[in-house]
Amino acid sequence: MHAVMGIVNVTPDSFSDGGAFLDPRAAVAHGYRLVAEGATILDIGGESTRPGAQPVDEQTELRRVLPVLEELAQTGAQLSIDTSKASVARAAIDRGATLLNDVTGLRRSPEMAALAAEHGCELCIMHSIGDPRTMQDDPRYDDVVDDVRAFLEERLAFAVEQGVPQERVLLDPGIGFGKTVDHNLELLRRLDEIVAIGCRVLIGTSRKSFLGRIAGRDVLDRLGGTIATNVLALERGASVFRVHDVAPVVDALAVAAATLAGRWRPTTT
Ligand code: HH2
């Protein structure tokens, strides 16, 4: 079974929708819309991680995300908190978050793993290098897939040692985080090697710049590339798809999944 995770960026500076949902009422309305469109997980973030983004202090991040989490708990969707700060994750858990999404792969706040274990939360461990200010400065790997896989295996072992059951861990190769266009493509082409680690895999390609570079499209015109990469990731075994444009991706994945299975049964009468 696959799941679509809708993105709620409560930020002024996110790369594709910065400022659109900084007002908590706009963010909440957006979250409701994404659930109506078929998202079963909402990923709420108060700090942009786009290349070159400036860090945000804890109080600002809390002020942005907590009221939005509280309201979106009513949607019935699973709430994910997109943060690298354990203190923000802890407060989010109190407001109903059950998935901790850490783009630093527990490098910034290793205590995030013990926190997930203590509260029975799921944990998404993503690969990245450096931090958002520097990550796109000439990233290099011996073999990008082998290197990302080794990082994720080591971080998974750490999380399990801290008490998080492997079934509650999601692994993410971190598309666009310290990666060239070719690195992103190689990770997507060989995504089955990340799936082979044995955890569910989350993939986030939505509107990212490599799609724009390949197709020659501006940031709000990258839905075609987003769908192509998500469908191919599904075929290679990914389970969770983090996207801005929920409705078309839900449709694309439903048709792709039915095609891969060679059968379809209606869920409603
Ligand atoms: N990508 C972004 C943010 N969080 N989390 C995971 N697990 N995987 C991703 O690929 C990922 C992520 C960047 O996208 P967005 O949230 O739209 O932009 P910004 O970081 O500028 O807010």
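Going by the structure above, here's the rest.
Residues numbered from 1 in each chain as written. Predicted model: local features only at pLDDT ≥ 70, side-chain atom pairs only at ≥ 80, totals over all residues. Heavy atoms only, no water.

Lining the immediate surroundings of the ligand are 18 residues, of which Ser14, Ser48, Thr49, Asp172 and Lys208 lie closest. Contacts to the ligand include His244, whose side-chain N or O atom sits 2.7 Å from an oxygen atom. Look at the ligand: alone it shows 470 Å² of surface, and the protein chains cover 99% of it. Broken down by class, the residue content of the shell around the ligand amounts to six nonpolar, seven polar and five charged. (Near = heavy atom within 4 Å. Polar contact = N/O pair within 3.5 Å; in protein donor to acceptor, adjacent residues only side chain to side chain. Areas by Shrake-Rupley, 256 points an atom, 1.4 Å probe, with all protein chains shown as cover. Nonpolar A, V, L, I, M, F, W, Y, C, P; charged D, E, K, R; others polar.)

This part is about helix H2 (residues 58–72). In this model, H2 (15 residues) spans 21 Å end to end at C-alpha, consistent with the 21 Å of a helix rising 1.5 Å per residue. Where H2 bends most, the angle comes to about 25°, and this point is Val65, followed within four residues by the proline Pro67. Buried within H2 are the following residues: Thr60, Glu61, Leu62, Arg64, Val65, Leu66, Val68, Leu69 and Leu72. Turning to H2, the residues buried within the fold contact strand E1 (3–9), helix H1 (24–36), strand E2 (41–45), strand E3 (78–82), helix H3 (86–94) and strand E4 (97–102). Between the side-chain oxygen of the N-cap and the backbone nitrogen of Gln59 there are 3.1 Å, and the N-cap of H2 in question is Asp57. (Helix = DSSP H or I, 4+ residues; strand = E, 2+ residues; numbered from the N terminus. Expected span 1.5 Å × (residues − 1). Bend = angle between axes of the 7 residues up to and from the residue. Buried < 20%, exposed > 50% of the residue type's maximum accessible area, 1.4 Å probe, protein only. Contact = heavy atoms within 4.5 Å.)

Here we come to the state of the cysteines. Taken as a whole and judged by the stated rule, the model has zero disulfides. Sulfur of Cys121: no disulfide; nearest cysteine sulfur belongs to Cys124 and is 13 Å away. With no disulfide of its own, Cys124 lies 10 Å from the sulfur of Cys199, the closest cysteine sulfur. Residue classification places Cys124 among the buried positions, given a relative accessible area of 1%. (Disulfide = S-S within 2.5 Å.)

This paragraph deals with the nonpolar core. Among the nonpolar cores identified, the biggest contains 68 residues, and Val8, Leu42, Ile44, Leu69, Leu100 and Leu123 are the most heavily contacted of them. Element by element, the count of residues in this core is highest for helix H5 (residues 144–161), at eight residues. Other than its neighbours up to four places away in sequence, Leu100 contacts Ile81, Ala89, Ile93, Met112, Leu115, Ala116, Cys121, Glu122, Leu123 and Cys124. If you look at the next biggest cluster of nonpolar residues, it comprises eight residues, including Ala3, Ile41, Cys124 and Leu202. (Core = buried A, V, L, I, M, F, W, Y, C linked by side-chain atoms within 4.5 Å.)

Counting buried positions along E1 gives seven out of seven residues, so the element sits mostly inside the fold. Neither face of E1 is left uncovered, since the one carrying Ala3, Met5, Ile7 and Asn9 and the one carrying Val4, Gly6 and Val8 both have all their residues buried. The pairing of E1 with strand E8 (residues 240–243) spans four bridges and is parallel. Note that in E8 the partner of Met5 across the bridge is Arg242. The pairing of E1 with E2 spans five bridges and is classified as parallel. From the neighbouring strand, Met5 faces E2, where its bridge partner is Ile41. (Pairing = 2+ DSSP bridges.)

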